[in-house]
Every structure is written in C-alpha cells, then in structure tokens.
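Here are the chains, one letter per residue:
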Amino acid sequence: MEGFNEHEEEGWNEEINHDEEEVADEDAEEEKVKRQIKSEEKVKRQVESDDPDLVELKIRRRGYDFSHANDDDSYFPHADDWERDGEIIGRNTHLKVLEFSTLNGGVAKEDVEKFFRGVANNRSIQKLIFCGCIFGGELFSILIPFFKSNRNFECLEIYSCCLG
C-alpha cells in the first residue's frame, strides 16, 4: 500500500491493543460489580431469613477500597431500606459481628439513626465495629438499649471516625 509504511502499521497495532485492553478492563470491572450485586442480594436474603450461617455482617458500599472489600458478607441498604433493614437486624438471632462503614460516601444522619434504632433491639451481636463514620452523640444515645440489654455484647471498635 502506497504511503503506508511499517512504522505506521506498528502504531496502528499498538492503538488497537490499547483499545482492546481498555475494553477488557471495563468488562472485568462490570463483571466484578455484577458479582458484588449478586453477593449483596444473597447477604440480604440471609439477613432477612435470620440465616444461622450469617454470623458476621458488614454494612458498606459496593467498591469499598480495602483488601477485604470483596468479602461475601457485605451489604449496603438501598435509600428507602435503612429503617427496615435496621429492624430486621434488630430481630436477628445469629449475628455475632456487625461492622458499619461509610468510607466511600456519606449516609444521611437520619438514615443512620433509623437504622440503629432497629439494630438497638438486637441481642445476639457480640462485636460492633464503626469504621470511617461521622456521627454525633445521638447515635450512642440511640444505642443505649443495645448496650444495656444485650448480654452477649463484648466489644465496641471505632476506627477512623469523627465523633462530634
């Protein structure tokens, strides 16, 4: 082909390879999100059915950026489900550990309070973990029934949170 040399062909091939890598990366990311959604749906069903196999639950956004981010025990309520999900967790009899993290985006204070009003009724949780949260003293006031009445409760862990 006239006007088309070997160097132009190499550049063209490199561009195609780069485009193929970007598509592969996008496909891999899309597949990862699909797996996370499927995992979240499974965890939600386990919580709702008081599944004895679910003893640890992490409330955190999809894409949480720590090494354990793809654990199979993560879930994040939809906007309208905070109160309902808190009540379900409050009735759960098998959960031993509840981790609440909002590192990848805030949750409205009102939603957090609704959620923990329900959680405050739980009597099986032994360990409560807060990570990357911003909350005031109201949350701990809401949790007073949990701390007073949950005879199984042993440990409160707070990491990278802003109290105020």
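Starting from 1, residues in each chain are numbered consecutively following that chain's sequence as written. Local features in this predicted model are restricted to residues of pLDDT 70 or higher, and side-chain atom pairs are both shown and tallied only at a pLDDT of 80 or more, whereas totals for entire chains, interfaces and linings draw on every residue. Note that water and hydrogens are dropped before the side-chain values are worked out from all heavy atoms of the structure.

Novice: Give a detailed account of the nonpolar core, specifying residues and quantitative values.
Specialist: Take the buried residues of types Ala, Val, Leu, Ile, Met, Phe, Trp, Tyr and Cys, join any two whose side-chain atoms come within 4.5 Å, and each joined set is a nonpolar core. The buried label applies to any residue whose accessible area, calculated with a 1.4 Å probe on protein chains only, is under 20% of its type's maximum; exposed applies above 50%, and partly exposed to all values in between. In terms of nonpolar packing, the biggest core is built from 28 residues, with Leu57, Ile59, Ile89, Leu98, Phe100, Phe116 and Phe130 touching the most fellow members. Numbered from the N terminus, helices here are DSSP runs of H or I no shorter than four residues, and strands are runs of E no shorter than two. Looking at this core, the elements that each hand over two or more residues are α1 (6-48), β1 (56-59), α2 (82-91), β3 (97-101), α3 (109-119), β4 (127-131) and α4 (137-142). By residue number, the principal contributor to this core is α3, which donates four residues. We call two residues in contact when some of their heavy atoms are within 4.5 Å. Contacts of Phe130, omitting those with residues within four sequence positions, involve Phe100, Phe116, Phe135, Leu139, Phe140, Leu143, Leu156, Glu157, Ile158, Tyr159 and Cys161.

Novice: Which residues make up the pattern of salt bridges, and what are the values?
Specialist: The term salt bridge refers to a side-chain nitrogen of Lys or Arg lying within 4 Å of a carboxyl oxygen of Asp or Glu. Taken as a whole and judged by the stated rule, the model has nine salt bridges. Among the salt bridges present, the one from Asp81 reaches Lys44, with a minimum N-O distance of 3.3 Å. Of this pair, Asp81 sits in the loop between β2 (74-75) and α2 while Lys44 sits in helix α1, and the two are 37 residues apart along the sequence. Both residues of the pair, Asp81 and Lys44, belong to the buried class. Between Glu48 and Arg84 there is a salt bridge whose closest N-O contact spans 3.1 Å. Taken together, the residues Glu48 in helix α1 and Arg84 in helix α2 connect sequence positions 36 residues apart.

Novice: Let's hear about the environment of Ser160: which residues, and what values?
Specialist: Position of Ser160 among the secondary structure elements: in the loop between β6 (155-159) and β7 (162-163). When its relative accessible area of 63% is taken as the criterion, Ser160 is described as exposed. Each C-alpha atom, one on Ser160 and one on Ser101, is 9.8 Å from the other, the two residues being 59 residues apart in sequence. With residues near it in sequence (within four places) discarded, Ser160 still touches Gly132 and Cys133.

Novice: Requested: an account of the side chain of Asp51, with residues and values cited.
Specialist: For Asp51, the location among the structural elements is in the loop between α1 and β1. Residues scored as positive are Lys and Arg, those scored as negative are Asp and Glu, and His as well as the terminal groups of each chain are ignored. Buried and without a salt bridge, Asp51 has Lys42 as its closest oppositely charged side chain, separated by 7.2 Å. Separated by 2.7 Å, the side chain of Asp51 and the backbone nitrogen of Asp53 make a polar contact. Any pair of N or O atoms that falls within 3.5 Å is considered a polar contact. Within protein, one atom must be able to donate a hydrogen and the other to accept it, and sequence-neighbouring residues count only if both atoms are side-chain atoms.

Novice: Explain α3 to me, and be specific about the residues and the numbers.
Specialist: Those residues of α3 not exposed but buried are Asp111, Val112, Glu113, Phe115, Phe116, Gly118 and Val119. Contacts from the buried residues of α3 go to β1, α2, β3, β4, α4 and α5 (144-149).

Novice: Can you break down the packing of aromatic side chains residue by residue, with the values?
Specialist: Centre distance within 6.5 Å is the pairing criterion for rings of Phe, Tyr and Trp, where only the six-membered ring of Trp is used; planes under 30 degrees apart are then read as stacked, over 60 as edge-to-face, and the remainder as tilted. Taken as a whole, this structure holds eleven aromatic pairs when the rule is applied. Measuring from ring centre to ring centre gives 6.1 Å for Trp82 and Phe100, while their planes differ by 70°; the resulting arrangement is edge-to-face. Here the residue Trp82 occupies a position in helix α2, and Phe100 occupies one in strand β3, the gap between them amounting to 18 residues. Taken individually, Trp82 and Phe100 each receive the classification buried, so the pair is uniform in this respect. Taking the centre distance of 5.1 Å and the plane angle of 70° together, the rings of Phe146 and Phe153 count as edge-to-face. Connected via pairs of aromatic rings, a cluster forms that spans Trp82, Phe100, Phe115, Phe116, Phe130 and Phe140.

Novice: Which residues make up the pairing of β3, and what values go with them?
Specialist: The buried fraction of β3 is high, at five of five residues. What you see with β3 is no split at all: Val97, Glu99 and Ser101 on one side and Leu98 and Phe100 on the other are buried throughout. In short, DSSP must find at least two bridges between two strands for them to pair. Bridge analysis of β1 against β3 gives four bridges, and the strand direction is parallel. When the sheet's bridge partners are listed, Leu57 is paired in β3 with Leu98. As paired strands, β3 and β4 are joined by five bridges and run parallel to one another. Paired with Val97 across the strands is Lys127, a residue of β4.

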